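# Architecture at a glance
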Amino acid sequence: EPEVTQTPSHQVTQMGQEVILRCVPISNHLYFYWYRQILGQKVEFLVSFYNNEISEKSEIFDDQFSVERPDGSNFTLKIRSTKLEDSAMYFCASTTRRGNEQFFGPGTRLTVL
Amino acid sequence: QKEVEQNSGPLSVPEGAIASLNCTYSDRGSQSFFWYRQYSGKSPELIMSIYSNGDKEDGRFTAQLNKASQYVSLLIRDSQPSDSATYLCAVEYNTDKLIFGTGTRLQVFP
(Lines give C-alpha, C1' and ligand atoms only; values in the text may rest on other atoms or scores of the structure.)
Protein backbone atom coordinates (compact mmCIF):
# COMPACT_ATOMS: atom_id res chain seq x y z
CA GLU A 1 0.00 0.00 0.00
CA PRO A 2 1.43 3.41 -0.95
CA GLU A 3 2.46 5.61 1.94
CA VAL A 4 4.00 8.97 2.69
CA THR A 5 7.63 8.75 3.77
CA GLN A 6 9.71 11.27 5.68
CA THR A 7 13.39 11.69 6.45
CA PRO A 8 15.09 11.97 8.81
CA SER A 9 13.05 10.43 11.60
CA HIS A 10 14.91 12.55 14.14
CA GLN A 11 16.90 15.75 13.61
CA VAL A 12 18.89 17.47 16.33
CA THR A 13 20.20 20.94 15.60
CA GLN A 14 21.61 23.98 17.31
CA MET A 15 19.54 27.13 17.61
CA GLY A 16 20.10 29.39 14.62
CA GLN A 17 20.97 26.56 12.24
CA GLU A 18 19.08 25.72 9.07
CA VAL A 19 17.26 22.41 8.73
CA ILE A 20 15.57 20.74 5.80
CA LEU A 21 12.90 18.14 6.41
CA ARG A 22 12.11 15.86 3.53
CA CYS A 23 8.95 14.09 2.45
CA VAL A 24 7.96 11.84 -0.40
CA PRO A 25 4.17 12.08 -0.83
CA ILE A 26 2.06 9.29 -2.29
CA SER A 27 2.82 9.21 -6.01
CA ASN A 28 -0.56 10.11 -7.52
CA HIS A 29 -1.35 12.78 -4.94
CA LEU A 30 -1.40 16.42 -5.98
CA TYR A 31 -1.87 18.33 -2.71
CA PHE A 32 0.82 18.40 -0.06
CA TYR A 33 0.86 19.67 3.48
CA TRP A 34 3.08 20.23 6.46
CA TYR A 35 1.73 20.08 9.99
CA ARG A 36 3.51 20.18 13.31
CA GLN A 37 2.74 18.91 16.78
CA ILE A 38 4.50 20.29 19.81
CA LEU A 39 4.77 17.67 22.54
CA GLY A 40 1.45 17.33 24.37
CA GLN A 41 -0.36 19.73 22.06
CA LYS A 42 -2.67 19.48 19.07
CA VAL A 43 -1.65 18.95 15.48
CA GLU A 44 -1.33 22.37 13.80
CA PHE A 45 -1.47 23.23 10.11
CA LEU A 46 1.58 24.98 8.68
CA VAL A 47 1.24 25.12 4.91
CA SER A 48 -0.44 23.59 1.89
CA PHE A 49 1.10 23.28 -1.57
CA TYR A 50 -0.45 22.61 -4.94
CA ASN A 51 0.71 23.04 -8.50
CA ASN A 52 4.15 24.18 -7.34
CA GLU A 53 2.95 27.00 -5.19
CA ILE A 54 1.71 27.62 -1.68
CA SER A 55 -2.08 27.46 -1.45
CA GLU A 56 -2.44 28.52 2.14
CA LYS A 57 -0.21 29.09 5.14
CA SER A 58 -0.78 29.63 8.84
CA GLU A 59 0.49 32.38 11.11
CA ILE A 60 3.18 29.97 12.28
CA PHE A 61 4.61 29.77 8.76
CA ASP A 62 6.61 33.00 8.84
CA ASP A 63 9.58 34.12 6.76
CA GLN A 64 11.82 31.56 8.45
CA PHE A 65 9.89 28.74 6.76
CA SER A 66 9.83 27.75 3.13
CA VAL A 67 8.63 24.78 1.12
CA GLU A 68 9.77 23.38 -2.17
CA ARG A 69 9.09 20.55 -4.54
CA PRO A 70 12.55 20.25 -6.08
CA ASP A 71 11.69 17.29 -8.28
CA GLY A 72 8.76 15.04 -9.12
CA SER A 73 8.80 13.15 -5.87
CA ASN A 74 10.25 15.15 -2.96
CA PHE A 75 8.55 17.85 -0.93
CA THR A 76 10.70 19.75 1.55
CA LEU A 77 10.24 22.08 4.50
CA LYS A 78 13.14 24.39 5.29
CA ILE A 79 13.55 26.31 8.51
CA ARG A 80 16.25 28.93 7.96
CA SER A 81 17.21 29.84 11.50
CA THR A 82 15.78 27.44 14.04
CA LYS A 83 14.49 28.57 17.41
CA LEU A 84 13.99 26.56 20.56
CA GLU A 85 10.23 26.77 20.06
CA ASP A 86 10.53 25.04 16.69
CA SER A 87 11.13 21.78 18.55
CA ALA A 88 8.20 19.56 17.55
CA MET A 89 7.10 16.64 15.43
CA TYR A 90 6.70 17.69 11.82
CA PHE A 91 4.28 15.70 9.70
CA CYS A 92 3.95 15.71 5.95
CA ALA A 93 0.59 14.77 4.44
CA SER A 94 -0.82 14.37 0.97
CA THR A 95 -4.13 13.88 -0.78
CA THR A 96 -5.58 13.53 -4.27
CA ARG A 97 -7.70 16.67 -4.08
CA ARG A 98 -8.92 19.31 -1.66
CA GLY A 99 -11.32 18.03 0.95
CA ASN A 100 -10.32 14.43 0.48
CA GLU A 101 -8.65 12.25 3.05
CA GLN A 102 -5.14 13.34 3.95
CA PHE A 103 -2.56 10.66 4.63
CA PHE A 104 0.23 11.43 7.02
CA GLY A 105 3.85 10.37 7.00
CA PRO A 106 5.59 9.00 10.09
CA GLY A 107 6.96 12.41 11.04
CA THR A 108 10.32 13.99 11.79
CA ARG A 109 11.09 14.82 15.38
CA LEU A 110 13.01 18.11 15.40
CA THR A 111 14.95 18.96 18.53
CA VAL A 112 16.50 22.44 18.71
CA LEU A 113 19.16 22.87 21.39
CA GLN B 1 -11.25 31.52 15.08
CA LYS B 2 -12.34 28.09 13.88
CA GLU B 3 -12.35 25.57 16.70
CA VAL B 4 -12.68 21.84 17.06
CA GLU B 5 -13.47 20.68 20.56
CA GLN B 6 -12.98 17.25 22.09
CA ASN B 7 -13.05 15.93 25.63
CA SER B 8 -9.43 15.10 26.45
CA GLY B 9 -10.37 12.05 28.51
CA PRO B 10 -9.14 9.55 29.33
CA LEU B 11 -12.16 7.53 28.34
CA SER B 12 -11.86 4.10 29.91
CA VAL B 13 -13.94 1.20 28.61
CA PRO B 14 -13.72 -2.54 29.20
CA GLU B 15 -12.72 -4.86 26.40
CA GLY B 16 -15.70 -5.74 24.21
CA ALA B 17 -17.64 -2.58 25.07
CA ILE B 18 -18.63 0.29 22.79
CA ALA B 19 -16.45 3.40 23.00
CA SER B 20 -18.13 6.68 22.06
CA LEU B 21 -15.98 9.64 21.11
CA ASN B 22 -17.41 13.08 20.47
CA CYS B 23 -16.37 16.24 18.70
CA THR B 24 -17.95 19.63 18.11
CA TYR B 25 -16.87 22.27 15.64
CA SER B 26 -17.51 25.96 15.36
CA ASP B 27 -17.90 26.72 11.66
CA ARG B 28 -21.13 25.77 9.89
CA GLY B 29 -19.31 26.00 6.57
CA SER B 30 -17.28 22.90 7.33
CA GLN B 31 -17.32 20.37 4.52
CA SER B 32 -15.32 17.32 5.49
CA PHE B 33 -14.78 15.50 8.75
CA PHE B 34 -12.19 12.95 9.69
CA TRP B 35 -11.21 10.73 12.57
CA TYR B 36 -7.58 9.85 13.06
CA ARG B 37 -5.98 7.54 15.58
CA GLN B 38 -2.62 8.48 17.06
CA TYR B 39 -0.50 6.17 19.15
CA SER B 40 2.02 7.81 21.45
CA GLY B 41 4.99 9.15 19.49
CA LYS B 42 3.45 8.18 16.15
CA SER B 43 1.72 10.04 13.35
CA PRO B 44 -2.05 10.39 12.84
CA GLU B 45 -3.54 7.38 11.11
CA LEU B 46 -6.79 7.88 9.21
CA ILE B 47 -9.71 5.80 10.46
CA MET B 48 -12.81 7.34 8.93
CA SER B 49 -14.00 10.20 6.78
CA ILE B 50 -17.57 11.51 6.65
CA TYR B 51 -18.98 14.21 4.44
CA SER B 52 -22.79 14.11 4.79
CA ASN B 53 -25.26 13.88 7.64
CA GLY B 54 -25.96 10.46 9.07
CA ASP B 55 -23.94 7.38 9.84
CA LYS B 56 -21.06 5.78 8.03
CA GLU B 57 -19.87 2.33 9.06
CA ASP B 58 -16.53 0.64 8.40
CA GLY B 59 -15.95 -2.60 10.26
CA ARG B 60 -16.06 -1.91 13.99
CA PHE B 61 -16.10 1.85 13.45
CA THR B 62 -19.13 4.09 12.86
CA ALA B 63 -18.86 7.80 12.27
CA GLN B 64 -21.90 9.98 12.82
CA LEU B 65 -22.36 13.52 11.54
CA ASN B 66 -24.99 16.08 12.48
CA LYS B 67 -24.29 19.36 10.71
CA ALA B 68 -27.25 21.15 12.30
CA SER B 69 -25.78 20.47 15.74
CA GLN B 70 -22.18 20.85 14.49
CA TYR B 71 -21.38 17.51 16.01
CA VAL B 72 -19.45 14.49 14.82
CA SER B 73 -18.86 11.28 16.72
CA LEU B 74 -17.03 7.99 16.43
CA LEU B 75 -18.29 4.72 17.84
CA ILE B 76 -15.93 1.79 18.27
CA ARG B 77 -17.72 -1.51 18.76
CA ASP B 78 -16.14 -4.52 20.46
CA SER B 79 -13.29 -2.36 21.77
CA GLN B 80 -9.90 -4.06 22.00
CA PRO B 81 -6.85 -3.16 24.10
CA SER B 82 -5.10 -2.39 20.80
CA ASP B 83 -7.64 0.42 20.28
CA SER B 84 -6.06 2.27 23.21
CA ALA B 85 -4.76 5.48 21.64
CA THR B 86 -5.62 9.14 21.21
CA TYR B 87 -8.42 9.80 18.73
CA LEU B 88 -8.21 13.04 16.81
CA CYS B 89 -11.17 14.77 15.22
CA ALA B 90 -10.24 16.89 12.21
CA VAL B 91 -12.39 19.27 10.21
CA GLU B 92 -11.77 20.77 6.79
CA TYR B 93 -13.21 24.26 6.34
CA ASN B 94 -13.48 24.47 2.56
CA THR B 95 -9.88 25.55 2.47
CA ASP B 96 -6.66 23.68 2.17
CA LYS B 97 -6.19 22.70 5.76
CA LEU B 98 -7.40 20.43 8.51
CA ILE B 99 -8.17 21.85 11.92
CA PHE B 100 -7.59 19.29 14.64
CA GLY B 101 -9.05 18.91 18.08
CA THR B 102 -6.82 18.17 21.03
CA GLY B 103 -7.82 14.50 20.90
CA THR B 104 -9.51 12.09 23.28
CA ARG B 105 -7.38 9.48 24.97
CA LEU B 106 -9.08 6.08 24.95
CA GLN B 107 -8.06 3.30 27.31
CA VAL B 108 -9.47 -0.19 26.77
CA PHE B 109 -8.80 -2.46 29.70
CA PRO B 110 -8.94 -6.28 29.57
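Everything below is about the structure printed above this text.
Read on for an overview of the structure. (Residues numbered from 1 in each chain as written. Chains lettered and ligands numbered in written order. Predicted model: local features only at pLDDT ≥ 70, side-chain atom pairs only at ≥ 80, totals over all residues. Heavy atoms only, no water.)

## Re the sheet that holds strand β7 (residues 61-66) of chain B
Residues and elements named next belong to chain B. Just so we agree on the cut-off: Note: two strands are recorded as paired if DSSP finds a minimum of 2 bridges between them. Secondary structure elements follow DSSP: runs of H or I of four or more residues count as helices, runs of E of two or more count as strands, with numbering from the N terminus.
The strand order across the open sheet built from five strands is β1-β3-β8-β7-β6, with neighbouring strands paired in antiparallel fashion. Every other strand in the sheet has two partners, leaving β1 (4-5) and β6 (54-58) as the edge strands with one partner each. Pairing between β1 and strand β3 (residues 19-25): two bridges, direction antiparallel. Directly across from Glu5, in β3, lies its bridge partner Thr24.

## Remarks on the pairing of strand β6 (residues 53-57) of chain A
Residue and element names in this part refer to chain A. Of the pairings in the sheet, the one linking strand β5 (residues 44-50) to β6 comprises four bridges and is antiparallel in character. Looking across to β6, one finds that Val47 is bridged to Lys57. Counting the residues in the hairpin turn of β5 and β6 gives two residues, including Asn51, whose phi is positive at 55°.

## Examining the pattern of salt bridges
Residues and elements named next belong to chain B. Stated precisely, the cut-off is as follows: Throughout this description, the term salt bridge denotes a Lys or Arg side-chain nitrogen within 4 Å of a carboxyl oxygen of Asp or Glu. Residue exposure (1.4 Å probe, protein chains only): buried if accessible area is under 20% of the type maximum, exposed if over 50%, otherwise partly exposed.
On inspection of all chains with the given rule, the structure shows five salt bridges over all chains. Note that Glu45 is salt-bridged to Arg37, the shortest N-O span being 3.2 Å. Using a relative accessible area of 13% as the deciding quantity, one classes Arg37 as buried. Asp83 is the partner of Arg60 in a salt bridge, and the nearest nitrogen-oxygen pair spans 2.9 Å. Placement of Arg60 in the loop between β6 and β7 and of Asp83 in the loop between β8 (71-76) and β9 (85-92) is noted, with a sequence separation of 23 residues between them. Residue Asp83 is classed as buried on the basis of its relative accessible area, which comes to 1%.

## Quick notes on the packing of aromatic side chains
To keep things clear, this is the line we draw: Here a pair means two rings of Phe, Tyr or Trp (six-membered ring of Trp) with centres within 6.5 Å. Their orientation is stacked below 30 degrees between planes, edge-to-face above 60, and tilted elsewhere.
Here the structure, examined in full by the defined rule, presents 16 aromatic pairs over all chains. Ring geometry for Phe32(A) and Phe75(A): centres 5.5 Å apart, planes at 40°, overall tilted. Separated by 43 residues along the polypeptide, Phe32(A) in strand β4 (residues 31-37) and Phe75(A) in strand β8 (residues 75-79) bring together distant segments of the chain. Judged by relative accessible area, which is 0%, Phe75(A) ranks as buried. Here Phe34(B) and Tyr51(B) contribute two aromatic rings whose centre-to-centre distance is 6.0 Å and whose plane-to-plane angle is 90°, an arrangement assigned as edge-to-face.

## A short note on unusual backbone geometry
For the bond running from Thr7(A) to Pro8(A), omega is -10°, close enough to zero to count as cis. Among the secondary structure elements, Pro8(A) is positioned in the loop between β1 (5-7) and β2 (10-13). Along the chain, Gly9(B) connects to Pro10(B) via a cis peptide bond; the corresponding omega equals 10°. Turning to its location among the elements, Pro10(B) is positioned in the loop between β1 and β2 (11-14). In this model, Asn52(A) sits at a positive phi of 65°, which is unusual for a non-glycine residue. Along the chain, Asn52(A) turns up in the loop between β5 and β6. Residue Gln70(B) is not a glycine yet carries a positive backbone phi of 55°. Within the secondary structure, Gln70(B) sits in the loop between β7 and β8.

## A closer look at the interface of chain A and chain B
Put simply, the rule is: Residue contacts are counted whenever heavy atoms from the two residues lie within 4.5 Å of one another. Accessible-area loss on putting two parts together, using a 1.4 Å probe and summing over both, is the definition of buried area adopted here. What qualifies as a polar contact is a pair of N or O atoms within 3.5 Å, subject to a donor-acceptor requirement within protein and to the restriction that residues adjacent in sequence count only when both atoms come from side chains. Under the scheme applied here, ten amino acids are nonpolar (Ala, Val, Leu, Ile, Met, Phe, Trp, Tyr, Cys and Pro), four are charged (Asp, Glu, Lys and Arg), and all others, including Gly, are polar.
Chain A puts 22 residues into the contact, and the matching count from chain B is 23 residues. For the pair chain A and chain B, the two sides together bury roughly 1,700 Å², of which 51% comes from carbon and sulfur. Taken together, chain A and chain B are joined by one salt bridge. Between Lys97(B) and Glu56(A) there is a salt bridge, and its shortest N-O distance comes to 3.3 Å. Where chain A touches chain B, the interface holds seven residue pairs in polar contact (both at pLDDT 80 or more). Residue contributions to the side of chain A that touches chain B peak at four residues, all from β4(A). Partitioning the side of chain A that touches chain B into residue classes produces ten nonpolar, seven polar and five charged.

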